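Descriptive structure summary
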Amino acid sequence: ELEKRRSRSNSSRHRYDVVTDLGPEEVRWFYKEDRKTWKPFIGYDSLRLELAFRKYGVLNPPKEEQVETADSCRSESPDVCVEPVCVRGGLYEVNIKEKECYPVYWHQSDKIPVMRGQWFIDGTWQPLEEEDSDLIEQEHLSCFKGQQTQDTFDMDIAKPVDSKDAIHSLKLSRNHVDWHSVDEVYLYSDATTSKIARTVTQKLGFSKASSSGTRLHRGYVEEATLEE
């Protein structure tokens, strides 16, 4: 029901007054069945996938965080697995470690890739690739965690982003990200003259104008709930 689908713009408003870690309900998981477009899992599936992902992270901390002891050699121990998560009405399962989806009741040679979305393209709400998204999220939290966010609705009307200087910037492999404020984050392509770059940016739904950036959103447009 529509009333159960909570939009981030009017729900849990107090959570967005200060920059904090993304909650499980703000992250959205996707699958790519046609090898072209990332499709979002429904909130119920996405929330359970995210909780399993976080459990896996707790059970398998990064090697540098593991403590060597005399009677155990944790750094060489195999990963502790978590149970596959049933999705899409129980017809498919997702392997959290491999980030692959496969049918439960029939054989399919090609696994369906899945991904975890944290940062999204304005308008299309397509997720940024995980590697870039992770880097942006780490940078965002290291610079702005605990800071007060601003009312973006008033700011958008008051002052165009073109007239603002970036307060922070992050270089990625083919792009860079500028923060014009805590809430106004834009992605710019650094290789717009190449045919490959143009193809990539158009697939992601970027503006075709090479000089303009693409606004990014942190957290999905709808919060995931177990009621979907």
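Preceding this paragraph is the structure being described.
From a predicted model like this one, the values you see are computed outputs, not experimental measurements. (Residues numbered from 1 in each chain as written. Predicted model: local features only at pLDDT ≥ 70, side-chain atom pairs only at ≥ 80, totals over all residues. Heavy atoms only, no water.)

Focus on the pairing of strand β8 (residues 168–171)
- The pairing of β8 with strand β9 (residues 175–179) spans 4 bridges and is antiparallel. Note on β9: the bridge partner recorded for H168 is W179. (Pairing = 2+ DSSP bridges. Helix = DSSP H or I, 4+ residues; strand = E, 2+ residues; numbered from the N terminus.)

Overview of the sheet that holds strand β1 (residues 28–31)
- Ordered by their spatial adjacency, 6 strands build an open sheet running β2-β1-β6-β5-β4-β3, and the pairing between neighbours is antiparallel. Because the sheet does not close on itself, it has two edges, and the strands there are β2 (39–40) and β3 (85–87).
- Looking at chain direction, β3 and strand β4 (residues 92–95) are connected through 3 bridges and run antiparallel. Note on β4: the bridge partner recorded for C86 is E93.

Re helix α2 (residues 130–144)
- Under the 1.5 Å per step criterion, the end-to-end length of α2 is 20 Å for 15 residues, consistent within 8% with the ideal 21 Å.
- On the buried face of α2, the contacting elements are β6 (112–117), β7 (119–121), β8, β9 and β11 (214–218).
- The first or second residue beyond α2 is G146, which carries a positive phi of 90 degrees. (Expected span 1.5 Å × (residues − 1). Contact = heavy atoms within 4.5 Å.)

Observations regarding the side chain of N175
- With respect to the secondary-structure elements, N175 resides in strand β9.
- N175 has contacts with D132, L170, L187, Y188, S189 and D190, leaving out every residue within four places of it along the chain.

Quick look at the packing of aromatic side chains
- Within the structure shown, the criterion is met by 9 aromatic pairs.
- Judged by centre distance (5.7 Å) and plane angle (65 degrees), the ring pair of W29 and F53 falls under edge-to-face. You can see W29 sitting in strand β1 and its partner F53 sitting in helix α1 (residues 43–59), a full 24 residues away along the chain.
- With a relative accessible area of 22%, F53 lands in the partly exposed category.
- Pairing Y92 with W106 gives two aromatic rings, centres 5.5 Å apart and planes at 80 degrees, and the pair type is edge-to-face. Taken together, the positions of Y92 in strand β4 and W106 in the loop between β5 (100–103) and β6 put the pair 14 residues apart, joining distant regions of the chain. (Phe/Tyr/Trp six-rings, centres within 6.5 Å; stacked < 30°, edge-to-face > 60°. Buried < 20%, exposed > 50% of the residue type's maximum accessible area, 1.4 Å probe, protein only.)

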